[in-house]
Amino acid sequence: MSTRLRELADHGQSPWVDYLSRTFVHDGELDASIDNGVLGLTSNPTIFQGAIAEGNAYDDQLREVLRTEDDLKEVFLALAVDDVRAACDRLLPAYENSTAHQHGWVSLEVDPRLANDTEATAAEATRLYQLVGRPNLMVKIPGTAAGLPAIEETVARGIPVNVTLLFSLERHRQAAQAYLVGLRRLLATGGDLRTMASVASFFVSRVDTEADRRLTGHDELRGTLAVANARLAYQTYLDVFSGPEWLELAAAGANPQRCLWASTSMKDANRPDVFYVEELIGKDTVTTMPRQTAEAFLDHGTVADTVTRDVNEARRTVARFEEAGVSYAEVVEALERDGVRKFSDSFQQLLDGIADKRSQLLGATS
């Protein structure tokens, strides 16, 4: 059965859904999504917060876990790991049957409160990978200054990494270099590079939101920076993963760190709901969509190779924002800083929600 999501795969792009919950995995929705062409999943604290707080799908396991565990983070991990394992198992055929394991990945995020602690982040990534125990798990690590060496260390340990919270071209290049150094270290210790993979999650819609907020006048520039930024990031990918250094690693079986387009839902009601997905389609990329965006793309998305279009115009767009008084450096710095804070706040809200559930369940049984 041909679908628009399957057509994306034909163009070299792996479509993922940014959602994970127990009911999604076990009630047939994930299977239906896979049938429609979904080839991977991402998750984050906000998604888990909503999944655990709503309904009673987790209540029985919560009661069981709470008999022996008081630490709210450990309670969360007990719940989340079961969901992630089940999702990995559902997507394992896609992982095993795809060239160089391009498809079938599920992402689980390290505690975002550790974003500025390199050693703690690397240790947490290792722990999560071992807890889940599935080859098609990617551990999400933020591409912050402290996260970059943690990414290198995690890759050197043979653990696939989803580098999250990337907004700037400089950070993206640094994340790619961290991956390369990690691969070289892994190879030096006898590791199998063929089992390794990584994606660089480059956030899209948030860039337009922040840049447009800073614009005074210049309506012609509104809604143009995010796609330009992402298209230039793809040029970085083409640059880094070519040449003698990369070819040596590729000869040893290494896979490139693909660009993943995150934050692809449209926030502006006056613009097409699948705009960001349509504008960033191309070879060796991933697009991750909220369920609503994926459903919209299935219904009326247009598939064409677009990520390499108008690269010179993308460079001019960045320059025009500077000329209009909007500093690119300030935009991406603010987005990274706010992104870490928002993810940390979401994680704390997740733990608070589990505490509320605990009170409800224990109250109901006392």
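Let us look at the structure shown here. All values reported here derive from a predicted model rather than from experimental measurement.

Some details on the packing of helix α7 (residues 118-132) against helix α8 (residues 147-156)
So, step 1. Across the interface, α7 lies against α8 with an axial gap of 8 Å and an inter-helix angle of 35°. The chirality of how α7 crosses α8 is right-handed. Contacts between α7 and α8 pair Thr 118, Thr 121, Ala 122 and Ala 125 from the former with Pro 149, Ala 150, Glu 153 and Thr 154 from the latter.

A short note on the pairing of strand β1 (residues 13-18)
So, step 1. In terms of burial, β1 is largely enclosed, as five of its six residues are buried.
So, step 2. Sheet analysis places β1 next to strand β8 (residues 285-289), joined by five bridges and oriented parallel. Considered in β8, the bridge of Val 17 is made with Met 289.
So, step 3. Note: β1 against strand β2 (residues 40-42), two bridges, orientation parallel. In the strand pairing of β2, Val 17 is matched with Leu 41.

Notes on the nonpolar core
So, step 1. If you look at the biggest cluster of nonpolar residues, it comprises 124 residues, and the most contacted ones within it are Leu 41, Phe 76, Val 84, Leu 183, Trp 261 and Phe 297.
So, step 2. Broken down by element, the residue count for this core peaks at 13 residues, all from helix α6 (residues 72-97).
So, step 3. In this view, Trp 261 contacts Gln 13, Phe 202, Val 204, Ala 230, Ala 233, Tyr 234, Leu 280, Thr 285, Val 286, Thr 287, Thr 288 and Val 307; residues no more than four positions away in its chain are not counted.

Thresholds applied
Residues numbered from 1 in each chain as written. Predicted model: local features only at pLDDT ≥ 70, side-chain atom pairs only at ≥ 80, totals over all residues. Heavy atoms only, no water. Axes fitted to C-alpha atoms, helices over the stretch in contact; angles between N-to-C directions. Helix = DSSP H or I, 4+ residues; strand = E, 2+ residues; numbered from the N terminus. Left-handed = near helix turned anticlockwise from the far one by under 90°. Contact = heavy atoms within 4.5 Å. Buried < 20%, exposed > 50% of the residue type's maximum accessible area, 1.4 Å probe, protein only. Pairing = 2+ DSSP bridges. Core = buried A, V, L, I, M, F, W, Y, C linked by side-chain atoms within 4.5 Å.

In short, shape yes, function no, at least from these values alone.
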